[in-house]
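The lines below spell out each chain.
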Amino acid sequence: MDRIGESATLKVTRRAAELKARGIRLADFGAGEPDFASPAPAVEAARQALACGFTKYTPGSGTPELREAVAASWRERYGAPWSAAQSVITVGGKAALFELALAVFDEGQEVVVPTPCWVSFPEQIRFAGAVPVGVPTSGEDGFRVHAEAVAAAVTRRTRAILINSPSNPTGGVVEAADLREIVRFAAERGLLVIADETYERFVYDGARHASAATLAAEFPETVVLVSSFSKTYAMTGWRIGYVFGPPAVIGAIEQVQSHATSNPTSFAMVGALAALQKAEDSIGPMIAAYQERRDFLIPRLAALPGFECRPPAGSFYAFPRVAGAYRPGRQGSSAFAEFLLEEAQVAVVPGEAFGSDEHIRLSFACSLDTLAEGLERMATVLAD
Ligand code: PLP
């Protein structure tokens, strides 16, 4: 436990909960959680599964039906080569990544990760005894991941390259040519490329998501892909994610999962299957809503004094550089987040949690009204 730190987001989250409990109305941009309801077909299918007594253990790697369906989905949409046997259904994407880390990283090995990055990547890597090696991405070019920079960070000790595109927290994406180059480079050296595509559907301005799944047929020993029902289908609490990869890696993850969680919740998997089969139509309108929120939020955020912000290419986070708004008493992203919480009742996550103390993260998975109110409150306290 000495290897891993406490989440830097906890302080703000705790304080936000205290304020809410006191009846204070927060503009909450903190949680990375869609505000939409889970799809009705998923809810109905899970309800029926419960009523029918589908409440016992299932095979440890998930129901055969759901494994088949996720494999078919990635095959149809991206030409992925994975069979159901090359998948494991997990307790959210987080468990997939955690089990993967335990299954494949050895003490002292390095894992190359573009930064700023999701809070759990470095901690999971450290938990497994390995060492995260950050490759900085920059706001000036939209936090894009560049293949040369990633390749330059690889050493003799590197075991894997972890690419999260679209990214939480930056919204940056990797372009198809860079991704191909990263995978080709990794394959040449016997490294894994772990693609966390949790935000796969969340790309804007008509762009096409560059998925590592399209490269898996050509580089079957290299590509490991993690995704989840949480964000795409607004099913965060159901805790259903999955991982695809080469048979040896999948076998190792199955072993870990067999001693960790066993199967994910039986009826939640039935709901997830229904979402996959019957709720595809609900995704388009949700993405359109996120696009509208992004287009509303970003220019207004960029106009706040001391804020710099470009439209994120993907995910549902704004990650403005706010160092220009730091003053004595609100110096650094944690103090600044605390200032916004106390003075404006606006909850954001300090960039420090993701590896940049000059930024804050705002989730726009909330209503336009909340965005408008939060922006107004921030404008007021920043003008003082
Ligand atoms: N990967 C990234 C980049 C995330 O932001 C999240 C959730 O916030 C996850 C994985 C895991 O999500 P879940 O465990 O809900 O599937």
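All values reported here derive from a predicted model rather than from experimental measurement.

Reading guide: rules and limits
- Each chain carries its own residue numbering, running from 1 in the direction its sequence is written.
- Confidence filtering applies because this is a predicted model: local features only for residues at pLDDT of at least 70, side-chain atom pairs given and counted only at 80 or more, and all residues used for totals across whole chains, interfaces and linings.
- Side-chain numbers here rest on the full set of heavy atoms in the structure, without hydrogens or water.
- Side-chain rings of Phe, Tyr and Trp, where Trp is taken by its six-membered ring, are said to pair if the distance between their centres is within 6.5 Å; with planes under 30 degrees apart they count as stacked, over 60 as edge-to-face, and otherwise as tilted.
- Each helix corresponds to a stretch of at least 4 residues labelled H or I by DSSP, and each strand to a stretch of at least 2 residues labelled E; elements are numbered beginning at the N terminus.
- Relative accessibility decides the category of a residue: with a 1.4 Å probe and only protein chains considered, values under 20% of the type maximum give buried, values over 50% give exposed, and everything between is partly exposed.
- Only when the NZ atom of a Lys or the CZ atom of an Arg is both within 6 Å of the ring centre and within 35 degrees of the ring normal do we say a charge sits over the ring.
- Pairs of residues are marked as contacts when any of their non-hydrogen atoms sit within 4.5 Å.
- Working definition: residue near molecule or strand if any one of its non-hydrogen atoms lies within 4 Å of it.
- Polar contact is the term for a pair of N or O atoms within 3.5 Å; when the atoms are in protein, one must be able to donate a hydrogen and the other to accept it, and sequence-neighboring residues count only if both atoms are side-chain atoms.
- What sets the accessible areas is the Shrake-Rupley method with a 1.4 Å probe; for residues, cover comes only from the shown protein chains.
- Each residue gets one of three labels, nonpolar for Ala, Val, Leu, Ile, Met, Phe, Trp, Tyr, Cys and Pro, charged for Asp, Glu, Lys and Arg, and polar for the others, Gly among them.
- Here the nonpolar core consists of buried residues drawn from Ala, Val, Leu, Ile, Met, Phe, Trp, Tyr and Cys, with membership extended through side-chain atoms lying within 4.5 Å.
- Residue ranges for the domains trace back to a domain assignment, done automatically or taken from a database.
- Buried surface area refers to the total accessible area, computed with a probe of radius 1.4 Å, that the two partners give up upon joining, counted for both partners together.
- A carboxyl oxygen of Asp or Glu within 4 Å of a side-chain nitrogen of Lys or Arg is what we treat as a salt bridge.
- Here, strands pair whenever DSSP counts at least two bridges between them.

### Structural notes on the packing of aromatic side chains
Using the criterion set out here, one finds 23 aromatic pairs in the structure. Between Tyr 204 and Phe 364, the aromatic rings sit 6.3 Å apart at their centres with planes inclined by 50 degrees, giving tilted as the arrangement. Remark: Phe 364 occurs in the loop between strand E12 (360–363) and helix H12 (368–383) and Tyr 204 occurs in the loop between strand E6 (192–196) and strand E7 (223–228); sequence separation between them is 160 residues. Here Tyr 204 matches Phe 364 in class, with each residue buried. Residues Tyr 326 and Phe 336 carry aromatic rings whose centres are separated by 5.5 Å and whose planes lie at 55 degrees to one another, so their mutual orientation is tilted. Residue Tyr 326 is located in the loop between strand E9 (317–318) and helix H11 (333–344), and its partner Phe 336 is located in helix H11; the two are separated by 10 residues in the primary sequence. Note on accessibility: Tyr 326 and Phe 336 belong to one class, buried. In this arrangement the basic side chain of Arg 293 is found over the ring face of Tyr 290, its NZ or CZ atom lying 5.3 Å from the centre. Over the face of the ring belonging to Phe 339 we find Arg 330, whose NZ or CZ atom lies 4.4 Å from the ring centre.

### Brief notes about unusual backbone geometry
Put simply, Ser 165 and Pro 166 share a cis peptide bond, and its omega is -10 degrees. Position of Pro 166 among the secondary structure elements: in the loop between strand E5 (158–164) and helix H7 (176–189). Residues Asn 168 and Pro 169 are joined by a peptide bond in cis, for which omega reads 20 degrees. The topology assignment puts Pro 169 in the loop between E5 and H7. Even without being a glycine, Phe 143 presents a positive backbone phi close to 55 degrees. Structurally, Phe 143 is set in the loop between strand E4 (131–136) and helix H6 (147–152). Phi angles above zero are rare outside glycine, and Ser 315 is one such case at about 60 degrees.

### Comments concerning the environment of Pro 114
By the secondary structure assignment, Pro 114 is in strand E3 (residues 110–115). As for Pro 114 and Leu 162, which are separated by 48 residues in sequence, their C-alpha atoms are 7.5 Å apart. Setting aside its immediate chain neighbours within four residues, Pro 114 contacts Val 135, Thr 137, Val 145, Val 150, Leu 162 and Ile 163.

### Quick word on the site of the ligand
In the neighbourhood of the ligand, 13 residues make up the surrounding shell, with Gly 93, Asp 196, Ser 228, Ser 230 and Arg 239 lying closest. Between the ligand and Lys 231 there is a distance of 2.8 Å, counted from an oxygen atom to a side-chain nitrogen or oxygen. For the ligand, an oxygen atom lies 2.7 Å from a polar atom in the side chain of Arg 239. A total of 390 Å² of accessible area belongs to the ligand in isolation, and the protein chains cover 92% of it. Split by residue class, the shell around the ligand holds 2 nonpolar, 7 polar and 4 charged.

### Some thoughts on the nonpolar core
Phe 229, Leu 301, Phe 336 and Met 378 are the most contacted members of the largest nonpolar core, which has 95 residues in total. Looking at which element gives the most residues to this core, the answer is helix H10 (residues 280–302), with 7 residues. Composition of this core by domain shows at least three residues from each of domain 1 (8–31 + 282–383) and domain 2 (56–278). Those residues in contact with Phe 229 that sit more than four places away from it in its chain are Leu 66, Val 70, Ala 234, Met 235, Ile 240, Tyr 242, Ala 272, Ala 275 and Leu 276. Counting residues in hydrophobic clusters, the runner-up holds 25 residues, among them Leu 100, Phe 105, Leu 162 and Val 224.

### Things to note about the domain arrangement of the chain
One can read the domain layout of the chain as domain 1 (8–31 + 282–383) and domain 2 (56–278). Each of domain 1 and domain 2 has a C-alpha centre, and these two points are 27 Å apart. Across the contact, 20 residues belong to domain 1 and 25 residues belong to domain 2. With both sides pooled, the region where domain 1 packs onto domain 2 buries about 2000 Å², and carbon together with sulfur makes up 62% of that total. Seen at the junction of domain 1 and domain 2, the total is 1 salt bridge. A salt bridge links Arg 294 to Asp 205, with the nearest nitrogen and oxygen atoms 2.8 Å apart. Between the two partners, domain 1 and domain 2, sit 12 residue pairs in polar contact (both at pLDDT 80 or more). It is H10 that provides the largest number of residues to the side of domain 1 that touches domain 2, a total of 6 residues.

### Examining the sheet that holds E12
With antiparallel pairing, 3 strands are arranged side by side in an open sheet as E9-E12-E11. At either margin of the open sheet sits one strand with a lone partner, and together these are E9 and strand E11 (349–350). Pairing geometry for E11 and E12, over 2 bridges, is antiparallel. Among the inter-strand pairings, Val 349 is bridged to a residue of E12, identified as Arg 361.

### Quick word on the pattern of salt bridges
Scanning the model with the defined rule gives 23 salt bridges in all. Here Arg 184 and Glu 181 are joined by a salt bridge, their closest N and O atoms 2.8 Å apart. Note that Arg 184 and Glu 181 are positioned in helix H7 at a spacing of 3 residues, about one turn of the helix. Classification of Arg 184 as partly exposed rests on a relative accessible area of 30%. The class of Glu 181 is partly exposed, set by a relative accessible area of 31%. Measuring nitrogen to oxygen at the nearest pair gives 2.6 Å for the salt bridge that ties Glu 373 to Arg 377. Taken as a pair, Glu 373 and Arg 377 lie in helix H12 at a separation of 4 residues, close to a single helical turn. For Glu 373, a relative accessible area of 28% gives the class partly exposed. Assessed through its relative accessible area of 18%, Arg 377 is described here as buried. Among the charged side chains, a salt-bridge network with shared partners connects Arg 77, Glu 200, Arg 201 and Glu 280.

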